[in-house]
Every structure is written in C-alpha cells, then in structure tokens.
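# Reading the structure
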Amino acid sequence: MSDQRPAQRPAPRPGPRWGHTSPRRREISDGYRRRATLLTQLALTLGGVMAVAAVISLVLVSQADADTDGGSGAYGYLALFLWFGILAAAPVLVAVAVPAAVMARRVRLDEAAGTGG
C-alpha cells in the first residue's frame, strides 16, 4: 500500500453542468406568427395556381389534339409553355412550403403548450 492519500476531488456544484442544460422555450413573437401565416398562404396560393395551370395545359393539349385542320396548333405550344412554368415554379413552391410547414408547426406547438401570445 502506498502512503499517499488519494487526490481530492472538487465538490460537486449545485445545478446542471455547463453544456447539459435543457433548452429554454423561446417565445414566439407576433411577427413570427404573421410570417408563418403569410408563407402558408403563399404556398397554398402558388400550389393552387400550379394546379390550375396543369388543368389548363391539359385542356389546351386536348384542343390542339382535337383539331385536324392545324389551325389550333398554337394551343400545344401554350400548353408546353405552361408546363415549363410549372416546372420552374416547383422549386419555388418547395422553398416556400417547407419553411411555412416548420413555422406553422412551431406556432401550433407553442399554442398547444399554452405559452402563445
């Protein structure tokens, strides 16, 4: 056995250790709620416009296909133009809808917790 005494350990401090605290709930402001509502409405509007454009393009394709004279061939090109517009708007819809869903979920959870403003 050794004649040395064991090293003294520091006394434990009350409370949680640094870096191990539970996160505090951040209060959601009215501006955040307005932006969440605005983004949600914008995503729904953009999705609706894209759906209407898809239906119109199908009608234009059927009109262009039904005409055998060749007089309404421009309808097919209009439908093609609408499809390109839909393809161009799809990333914008995703870029608006994902943050809108996240923000709306945070607002909904805040209201469910009873800390809503």
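Structural data are supplied above this passage.
These numbers were taken from a predicted model, which means no experiment stands behind them. (Residues numbered from 1 in each chain as written. Predicted model: local features only at pLDDT ≥ 70, side-chain atom pairs only at ≥ 80, totals over all residues. Heavy atoms only, no water.)

### Digging into the overall build of the protein chain
Within the protein chain one finds two helices and zero strands. Counting all 117 residues of the protein chain, 16% fall into the buried class. The long-range fraction of contacts in the protein chain, counting pairs at least 24 apart against all pairs at least 6 apart in sequence, stands at 75%. (Helix = DSSP H or I, 4+ residues; strand = E, 2+ residues; numbered from the N terminus. Buried < 20%, exposed > 50% of the residue type's maximum accessible area, 1.4 Å probe, protein only. Contact = heavy atoms within 4.5 Å.)

### Quick word on the nonpolar core
Where a protein is soluble and globular, its nonpolar side chains tend to be buried together. Of all hydrophobic cores here, the largest spans five residues; its members are Ile-28, Tyr-32, Ala-36, Met-103 and Val-107. Going through the elements one at a time, helix H1 (30–66) and helix H2 (74–113) are the ones with two or more residues in this core. (Core = buried A, V, L, I, M, F, W, Y, C linked by side-chain atoms within 4.5 Å.)

### As for a nonpolar patch on the surface
On the surface, a nonpolar cluster with roughly 760 Å² of combined accessible area is contributed by Leu-58, Val-61, Tyr-77, Leu-80, Trp-83, Phe-84 and Leu-87. Only H1 and H2 provide two or more residues apiece to the nonpolar patch. (Patch = residues over 30% accessible without salt bridge, like charges linked within 9 Å, V, L, I, M, F, W, Y side chains within 5 Å. Areas by Shrake-Rupley, 256 points an atom, 1.4 Å probe, with all protein chains shown as cover. Salt bridge = Lys/Arg side-chain N within 4 Å of Asp/Glu carboxyl O.)

### Some words on H2
With 40 residues, H2 should cover 58 Å at 1.5 Å per step; its first-to-last C-alpha distance of 56 Å lies within 8% of that length. The axis of H2 is deflected most strongly, by about 30°, at Ala-89, and proline Pro-91 appears within four residues downstream. By the burial criterion, the buried members of H2 are Ala-79, Ile-86, Ala-89, Val-96, Ala-100, Met-103, Val-107 and Asp-110. Close packing links the buried residues of H2 with H1. Phi turns positive, to about 85°, at Gly-114, one or two residues after H2. (Expected span 1.5 Å × (residues − 1). Bend = angle between axes of the 7 residues up to and from the residue.)

### Description of the pattern of salt bridges
Between side chains of opposite charge, a pair can form when the charged atoms approach closely. By the definition in use, this model includes two salt bridges. Among the salt bridges present, the one from Arg-33 reaches Asp-110, with a minimum N-O distance of 2.7 Å. Of this pair, Arg-33 sits in helix H1 while Asp-110 is found in helix H2, placing the two residues 77 residues apart along the sequence. The burial state of Arg-33 is the same as that of Asp-110; both residues are buried. Glu-111 is the partner of Arg-33 in a salt bridge, and the nearest nitrogen-oxygen pair spans 3.4 Å. Of the two residues, Arg-33 sits in helix H1 while Glu-111 sits in helix H2, which places them 78 residues apart along the sequence.

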